Amino acid sequence: MTEPAGKSPERRARPVAVPVAAVLVAAAVGVTAWLGGLDERPEPAPRQLRPGQLLDQGSFAVRFVESKLVVERAKDDFGTDKRYLDVVLNVTNKTDETVNVGSLPSGKSSGFGFGSSLLTMTPHIPSEWGGELFVLSKGVKSAQLHPAVPATVVARYELQGSAQPPDRVSYELGAFEKLHNGLEDTSRWFLETEGEALEDVENHKVVATITLPVESQGA
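Residues numbered from 1 in each chain as written. Predicted model: local features only at pLDDT ≥ 70, side-chain atom pairs only at ≥ 80, totals over all residues. Heavy atoms only, no water.

## Re the overall build of the chain
So the rule is basically this: Starting at the N terminus, helices and strands are each numbered in turn, a helix being any DSSP run of H or I of at least four residues and a strand any DSSP run of E of at least two. When accessible area is computed with a 1.4 Å probe and restricted to protein chains, residues below 20% of their type maximum are described as buried, those above 50% as exposed, and intermediate ones as partly exposed. Here a residue-residue contact requires only that any non-hydrogen atoms of the pair lie within 4.5 Å. Here the Shrake-Rupley method, with its probe set to 1.4 Å, supplies the accessible areas, and only the displayed protein chains count as covering residues.
Assigned secondary structure in the chain consists of 1 helix and 14 strands. Expressed as a percentage of the 219 residues in the chain, the buried residues total 29%. In the chain, the proportion of contacts linking residues at least 24 apart, taken out of those at least 6 apart, comes to 63%. Per element, the accessible surface of the chain, about 15400 Å² overall, is 53% carbon and sulfur.

Have a look at this one:
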């Protein structure tokens, strides 16, 4: 039977062949986009510590014990009372050598030794020379951390004039990694960094944070 003049028979659309590989690629791209792109998964957030909780820093192990206001009375009528914000820690040197406790970061330097791992403190305590860091044993100050011996370490910040201590203080904390120098066949501990610039203060990796309430003296 012939179709009427002027009319053409209906034509069924032919299926378009799509290579299997193209389908798989499209599916993979879609899943990747859904998961957040081609970048690797982000680093986990820094660990949030509680007072008394242990943090393994590689070459040191540290516990934050307390933060308190300390008043040092003048020794005579010509002197003046001094007030300090003390952050008390328990630090164990995990290396096999006696090391210096180091110094705290300040606007002029990133500190060194154990002290350099206290990356930032909030709020900042204004001070001409920055905070003081020392080992305290039976009322005697020193700078040495002996191997495997837990030591009381004090980070001390002098309060200037009539400045009042904050209600709480927070720290961002770093950790140490041991790097080997193949040319000299030696190994040293360095603060972990986000990249490769070991000396870049802004690039030090924050592995944990902690917040401590500030107690009044004698509380």
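There's plenty left to go through after this.
## Remarks on the pairing of strand β4 (residues 82-93)
Heads up, the rule is: Pairing between strands is defined by DSSP: at least two bridges between them are needed.
For β4, the buried fraction is high: 10 of the 12 residues fall into the buried class. Here strand β3 (residues 60-72) runs beside β4; their pairing, made up of 12 bridges, is antiparallel. Residue pairing for β4: A61 is matched across the bridge by T92. Pairing analysis gives 8 bridges linking β4 to strand β10 (residues 151-158), with the strands arranged antiparallel. Within β10, the position partnered with L85 by the bridge is Y157.

## Observations concerning the nonpolar core
Keep this limit in mind: To define a nonpolar core, start from buried Ala, Val, Leu, Ile, Met, Phe, Trp, Tyr and Cys residues and group those joined through side-chain atoms within 4.5 Å.
Judged by nonpolar contacts, the single largest core of 34 residues is most densely connected at F64, F114 and Y171. Contributing elements (two or more residues each) for this core: β3, β4, β6 (118-122), β7 (132-137), β10, β11 (168-173) and β14 (208-215). In this structure F64 touches P51, G52, V87, V88, L89, L118, Y171, L173, I210 and L212, once residues within four positions along its chain are discounted.

## Some points on the pattern of salt bridges
Convention followed: When a carboxyl oxygen of Asp or Glu lies within 4 Å of a side-chain nitrogen of Lys or Arg, that pair is called a salt bridge.
Inspection of the entire model under this criterion finds 5 salt bridges. The closest approach of N and O atoms between D56 and K94, which form a salt bridge, is 2.8 Å. Here D56, found in strand β2 (residues 54-56), pairs with K94, found in the loop between β4 and β5 (99-100); they are 38 residues apart in sequence, far enough to count as distant. Since its relative accessible area comes to 48%, D56 is described here as partly exposed.

## What to know about the environment of P213
Take P213: it is sitting in strand β14. Between the C-alpha atoms of P213 and P51, which are 162 residues apart in sequence, the distance is 9.3 Å. Apart from the residues lying within four places of it in its own chain, the contact partners of P213 are S67, D167 and R168.

## Thoughts on the packing of aromatic side chains
For clarity, the cut-off: Pairing of aromatic rings covers Phe, Tyr and Trp, the last through its six-membered ring, and needs centres within 6.5 Å; plane angles under 30 degrees mean stacked, over 60 mean edge-to-face, and all others mean tilted. Charge-over-ring placement is defined geometrically: NZ (Lys) or CZ (Arg) within 6 Å of the ring centre, and within 35 degrees of the ring normal.
Counted according to the given criterion, the structure contains 3 aromatic pairs. Ring centres of F60 and F176 lie 5.5 Å apart, and the angle between their planes is 65°; this geometry places the pair in the edge-to-face category. Here F60, found in strand β3, pairs with F176, found in strand β12 (residues 176-181); they are 116 residues apart in sequence, far enough to count as distant. Exposure remark for F60: the relative accessible area of 6% places this residue in the buried category. Ring geometry for F64 and Y171: centres 5.7 Å apart, planes at 45°, overall tilted. With F64 in strand β3 and Y171 in strand β11, the pair connects residues that are 107 residues apart, well separated along the chain. Members of the aromatic cluster, joined through ring pairs, are F60, F114 and F176. Residue placement shows K141 over the ring face of F134; its charged tip is 4.5 Å from the ring centre. Directly above the aromatic system of Y84 lies the positively charged group of R156, at a separation of 4.5 Å from the ring centroid.

## A short note on the pairing of β12
The side chains of a regular strand alternate, residue by residue, between the two faces of the sheet. Here β12 runs beside strand β13 (residues 186-191); their pairing, made up of 6 bridges, is antiparallel. Residue pairing in the sheet places L179 in a bridge with R188 of β13. From the end of β12 to the start of β13, which pair antiparallel, there are 4 residues, and D185 there has a positive phi angle of about 55°.

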